[in-house]
Amino acid sequence: MEQKLAIITGADGGMGTEITRAVALAGYRVVMACLDMQRASAKQQMLVRETGNPSIEVEKIDLASLASVADFANRMLQRGERIGLLMNNAGTMETARKVTEDGLERTVSVNYVGPYLLTRKLVPLMGEGSRIVNMVSCTYAIGRLDFPDFFLRGKKGSFWRIPIYSNTKLALTLFTIDLSNRLKDKGIVVNAADPGIVSTDIITMHMWFDPLTDILFRPFIRSPRQGAATAISLLLDEEGGKRTGTLNVSCHPKRLTDKYLHHIQMDELWNRTEAVVRKWL
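Residues numbered from 1 in each chain as written. Predicted model: local features only at pLDDT ≥ 70, side-chain atom pairs only at ≥ 80, totals over all residues. Heavy atoms only, no water.

Q: How should I be thinking about the pattern of salt bridges in this particular structure?
A: Pairing between side chains becomes possible if they bear opposite charge and their charged atoms approach one another. Scanning the entire structure with this criterion turns up 17 salt bridges. Between Asp-178 and Arg-182 there is a salt bridge, with the nearest N and O atoms lying 2.9 Å from each other. With a gap of four residues between them, Asp-178 and Arg-182 both fall in helix α6 (residues 161-183), about one helical turn apart. Assessed through its relative accessible area of 8%, Asp-178 is described here as buried. Of the residues examined, Arg-182 reaches a relative accessible area of 42% and is grouped as partly exposed. Among the charged side chains, a network of salt bridges with common partners joins Glu-18, Arg-21, Glu-50 and Arg-225. (Salt bridge = Lys/Arg side-chain N within 4 Å of Asp/Glu carboxyl O. Helix = DSSP H or I, 4+ residues; strand = E, 2+ residues; numbered from the N terminus. Buried < 20%, exposed > 50% of the residue type's maximum accessible area, 1.4 Å probe, protein only.)

Q: Looking at this structure, I do not really get the pairing of strand β2 (residues 29-34). What am I missing?
A: Walk down a regular strand and you will see the side chains alternate between the two sheet faces. The element β2 is extensively covered by neighbouring structure, given that six of its six residues are classed as buried. In the sheet, strand β1 (residues 5-9) pairs with β2 via five bridges, with the strands oriented parallel. Paired with Thr-9 across the two strands is Ala-33, which belongs to β2. The parallel pair β1 and β2 is bridged by helix α1 (residues 14-25), and the resulting crossover is right-handed. Read as a crossover between parallel neighbours, the route from β2 over helix α2 (residues 37-51) to strand β3 (residues 56-60) is right-handed. (Pairing = 2+ DSSP bridges. Right-handed = clockwise from strand over helix to strand, strands pointing away.)

Q: Please clarify how α6 should be interpreted in this entry.
A: Residue pairs spaced three or four apart in an α-helix point in one direction, given the helix's 3.6 residues per turn. Its 23 residues place the ends of α6 32 Å apart at the C-alpha level, agreeing with the 33 Å of an ideal helix rising 1.5 Å per residue. Counting buried residues along α6, 20 of its 23 residues qualify, which places the element largely inside the surrounding structure. (Expected span 1.5 Å × (residues − 1).)

Q: Sorry, what's going on with the sheet that holds strand β5 (residues 131-135) here?
A: Either a parallel or an antiparallel arrangement is found when strands of a sheet pair, and the pairing is made through backbone hydrogen bonds. Here eight strands make up an open sheet; going across it, the order is β3-β2-β1-β4-β5-β6-β7-β8 and the pairing mixed. Two strands in the sheet have a free side with no partner beyond their single neighbour: β3 and β8 (252-254). Mean inter-strand twist for the sheet, computed between neighbouring axes without regard to direction, equals 25 degrees. As paired elements, β1 and strand β4 (residues 83-88) share four bridges and run parallel to each other. Residue pairing across strands places Ile-8 opposite Met-87, the latter belonging to β4. (Axes fitted to C-alpha atoms, helices over the stretch in contact; angles between N-to-C directions.)

Q: Quick question: what am I supposed to make of the pairing of strand β6 (residues 189-194) here?
A: With six of its six residues buried, β6 lies for the most part within the structure. A two-sided burial pattern is seen for β6, the buried positions comprising Val-189, Asn-191 and Ala-193 on one face and Val-190, Ala-192 and Asp-194 on the other. Note that β5 and β6 share five bridges and pair parallel. Across the sheet, the residue bridging to Arg-131 is Val-189, located in β6. Relative to strand β7 (residues 247-249), β6 runs parallel, the two being bridged by three bridges. When the bridges of β7 are listed, Ala-193 appears paired with Asn-248.

Structure, rendered in C-alpha cells:
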C-alpha cells in the first residue's frame, strides 16, 4: 500500500519534533518543512533512527518570505504526490518589530499569512480524508483585527509582542473555521489545536517582565510532548477525522461561540489576505 505524505512546518522545534515522530511511527512519508536546515537535518537523522521510518526528508521553507513559501509549495505541486496531512505548526513571537520583504510584520507572516498561502497552494494535492491542522493558542480570545494595520504592523499603535501574537492566532483560528466550510464538500477536514502553555523556543527572556511571567506560569507549562498531543490526535486519531472547523484543547473539541463561528470580520480577513497573496497563487 502506498504511503501517504505528511507535511509538517517547524518540524525541528520542540512540538514539531514530537509531531513528526508520531506521524512517522504511523507510517507516513514525512516532509519536515523547516527554516534551519542544519538543525532540521540533525533532527531528521535522529527521527529516522528512533522510528525506523526512512521516509523522512527535510525541505527548506521560510514563512517570513512569501516567495519561499510559494517555492516550497510549487516543489510539492511538481511532485504531484497526494497529501494526507498538513500540519501548520511553525510559529514565532518577535521581540521587536521586524518587517518582511513583503511588507508584512514578521509575526503576522510566520504565524498567519505564510501558513495561509502554503495551505491554499497545497489544497489541490488533497482530497477525501486529507487533514489540515493549524496550531493556534488560547490567546486568540484576546486577539483583534485592526485593518489594514494587522498586516503592516500587527496591531494599531506601538509594537507589543503579546497582542500581535494573539492577533495572529485569532486570524489563524478564523481561517480554520472559514477554510473548513469551503472544503467540507471535498471531504477535507480542517481543525485547530491549542497546545496550552508549552516550554518551547518561542518562550524567551528578553523583556523585564519575562522572569515574573515564568514564575507565574511555570506550574502550568507543558512539555513539548504534552503540548503536541492535541495536534497529534487531530492528525492521526479516527475521531480527529470525523470533525471539521473545530478548536481543540487537551485532545477534545472546545465549544466556540457565534462570535467566532460567524465572526463579523471573517469574510474581510479572507478577502484582504487573498489580496496580499494573490501574486503567489
